[in-house]
Amino acid sequence: MQYISTRGEAQNASASQAIVKGMAADGGLYVPEAFVPVDRDTLKKMTSWSYQELAAFVMGKYLPEFDADELKELVNKAYGEKFDDPAIAPLHKLDDREYVLELFHGPTIAFKDIALQMLPRLMVASMAKTRESKDVLILVATSGDTGKAALEGFCDVPHTAIQVFYPDGGVSAAQLLQMRTQPGCNVAVTGVRGNFDDTQTGVKRLFGDDGFAERVDGYGYRLSSANSINWGRLLPQIVYYFWSYAQLLGQKAISLGDEINFVVPTGNFGNILAGYYAKAMGLPVHKLICASNRNNVLTDFFETGEYDRNRPFYRTASPSMDILISSNLERLLFEVSGRDSQTVRDWMAALQKKGDYAVSGAQRDALAESFYAGYCDDAQGAERIAEVWERYHYLMDTHTAVAQHVYGQYRKESGDQRSTVLISTASPYKFATDVFAAIVPPDVPTLDVAEDAFAAVDRLSMLTGTPVPAAIESLRSLPIRHDAVCDPEEMETAVLGVLEGRK
Ligand SMILES: *Cc1c(COP(=O)(O)O)cnc(C)c1O
């Protein structure tokens, strides 16, 4: 199994090379040369496998340099005691058709743990396989959840260092505290005066700057990425699509071969792309429902075939989806173009130059076979949180609410009765202020909630009788370790300053 670049101008890479490098030298993203088919018999067998067994199986298909025992060990370490549910990703039933896959039982209570508990282990093992002599320096741009999950994943991992950049003022109070209190001798956290796209563009610019790479090399590091463009992050996400199917099959909610839908609250397009890959491997998926917030560039793309990032950027109650450039979409475009890297290069050049590009009408129609897209504003999201709480006594976070709303739209429009899995990407306690505001009765005073990050957490717990997750509870007493903020132009200086300080 070799990995090829979506832009077609870089050398092929082995799995371990792709994981160590993060991104191809031509600016493209690595994709497997082929998708490995999984047959119905195997799907059936999966009903008796643990999450860890399933993860080792699915990932093993794409990691030929890793032998089965090695992979098993890595998987067992990644998905072990740091998760607070033995199922790792429990499937919660709302009603006979609607299920919620909870991906927030890891150490940072957001779905990025699924990938970022695995990636550092894959990366260190890959470095041994590629005989890497330098340590890796991971640079991350985060809209909130990736940052903390990456810090947790890489904290004190030998031969690695990590620096996380977040948009100053663009993450929730809990997210900010989680990052600023991060311990570890190889971690750094820096705010950027700008929005997430400014932050991500800044990190991308550093990755593309040979002079910067040389200066980092001088400190004994090579650059790599833990953003969702890294194959080592995408791969672990394919697993839970199979897992959902196996759970439904095991509970006899569906029969072998029945198609199901997934609704995915989408930002950078990593999560839903993993679902598309699962479908490409033969998982019986009818529609992948791409749910956006008010930053609905993807909704328009799936409807019209035109991707246009020239639009206002909104800060919403689902900040992890406040994104106008969905990096992983490039991998989908590669498939849609018939793996034509020249076309992908043209589209990406147009995106960079004028901020938009368009696929053909036929390509748009082909996409509509697999995808449905819709969006949800903050007021609609709050309504969904309240309604689902009232009807099912189930508490959703603001991102999951976006998915639930778009699912309602889809069901109304299509009349589709197939079993549907909402991918739940964060614990409601990670976005407690907005979740609390959505369900609190109008006559209850809420002044204290605006003042203090924990007031909303405590009030939410009291109001709903649900426990505060340990990951939030511990934040109360941890000291602030990181308080740096810089302008987008100062990001290089910020990195070199940290490296100099560690010398
Ligand atoms: C990252 C994130 C998303 C978006 O996932 P993508 O893979 O970037 O599309 C949605 N919800 C939450 C809570 C997240 O942390």
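This section reports on the structure supplied with the text. Note that the structure is a prediction, hence the values are computed from the model and not measured.

Cut-offs used in this document
Residue positions are counted from 1 within each chain, in the order its sequence is given. The predicted nature of this model means local features are confined to residues of pLDDT at least 70 and side-chain atom pairs, given and counted, to a pLDDT of 80 or more, with totals for whole chains, interfaces and linings taken over all residues. Calculated side-chain values reflect all of the structure's heavy atoms, with hydrogen atoms and water omitted. What counts as a helix is a DSSP run of H or I of at least four residues, what counts as a strand is a run of E of at least two, and both are numbered from the N terminus. Only C-alpha atoms enter the radius of gyration, while the globule expectation follows 2.2 Å times N to the 0.38, with N the number of residues. Throughout, exposure labels follow a simple rule: accessible area from a 1.4 Å probe, protein chains only, divided by the maximum for the residue type, with under 20% read as buried, over 50% as exposed, and the rest as partly exposed. All accessible-area figures derive from a Shrake-Rupley calculation using a 1.4 Å probe, and residue coverage is judged against the displayed protein chains alone. Charge assignment in this entry is limited to Lys and Arg as positive and Asp and Glu as negative, and neither His nor the chain termini are counted. Note that the charge is assigned to NZ on lysines, CZ on arginines, CG on aspartates and CD on glutamates. Strands qualify as paired when DSSP identifies two bridges or more between them. Every axis corresponds to a line fitted to the C-alpha atoms, with the helix fit spanning only the stretch in contact, and the corresponding angles, defined between N-to-C directions, vary from 0 to 180 degrees. Note on definitions: a residue-residue contact is assigned when non-hydrogen atoms from the two residues lie within 4.5 Å. If a single non-hydrogen atom of a residue is within 4 Å of a molecule or strand, that residue counts as near it. Residues adjacent in sequence count toward polar contacts only when both atoms are side-chain atoms; beyond that, a polar contact is any pair of N or O atoms within 3.5 Å, and within protein one must be able to donate a hydrogen and the other to accept it. Just so you know the grouping, Ala, Val, Leu, Ile, Met, Phe, Trp, Tyr, Cys and Pro go in nonpolar, Asp, Glu, Lys and Arg go in charged, and all remaining residues, Gly too, go in polar.

### A closer look at the overall build of the protein
Looking only at helices and strands, the protein has 23 helices and 15 strands in total. Scaling as 2.2 N^0.38, a compact globule of 503 residues should have a C-alpha radius of gyration of about 23 Å, and the protein matches this with 21 Å. C-alpha extents for the protein along the principal axes are approximately 60 × 50 × 50 Å. Each of the 503 residues in the protein was classed as buried or not, and the buried ones make up 61%. Within the structure as shown, the protein displays about 19,100 Å² of accessible surface, and the carbon and sulfur contribution to it stands at 48%. Separation of charge centres in the protein, based on 48 positive and 66 negative side chains, amounts to 3 Å.

### Here we look at the sheet that holds strand 4 (residues 98–102)
A sheet is described by the order of its strands in space; here six strands give the open sequence 3-4-14-9-10-13, paired in mixed fashion. In this open sheet, the two strands that pair with only one neighbour each are strand 3 (91–93) and strand 13 (371–375). Along the sheet, successive strands turn relative to each other by an average axial angle of 25°, direction set aside. Along the sheet face, helix 11 (residues 231–250) touches strand 3, strand 4, strand 9 (260–265) and strand 14 (420–424) and points at about 135° away from the line of strand 9. Strands in contact with helix 16 (residues 361–370) are strand 10 (285–292) and strand 13; relative to strand 10, the strand with the most contacts, it is inclined by about 105°.

### Describing helix 14 (residues 329–336)
Since one α-helical turn is 3.6 residues long, residues separated by three or four positions face the same way. When you tally the buried positions in helix 14, you get eight out of eight residues, the bulk of the element. When we look at burial in helix 14, the residues that qualify are Leu329, Glu330, Arg331, Leu332, Leu333, Phe334, Glu335 and Val336. Of the residues trailing helix 14, glycine 338 is marked for its positive phi of about 75°.

### Side note on the site of the ligand
Taken together, 15 residues surround the ligand, and among them Lys112, Asp145, Gly267, Asn268 and Thr425 come closest. A distance of 2.7 Å is found between an oxygen atom of the ligand and a backbone nitrogen or oxygen belonging to asparagine 268. Asparagine 271 has a polar backbone atom sitting 2.9 Å from an oxygen atom of the ligand. Of the residues assigned to the shell around the ligand, the class counts are five nonpolar, eight polar and two charged.

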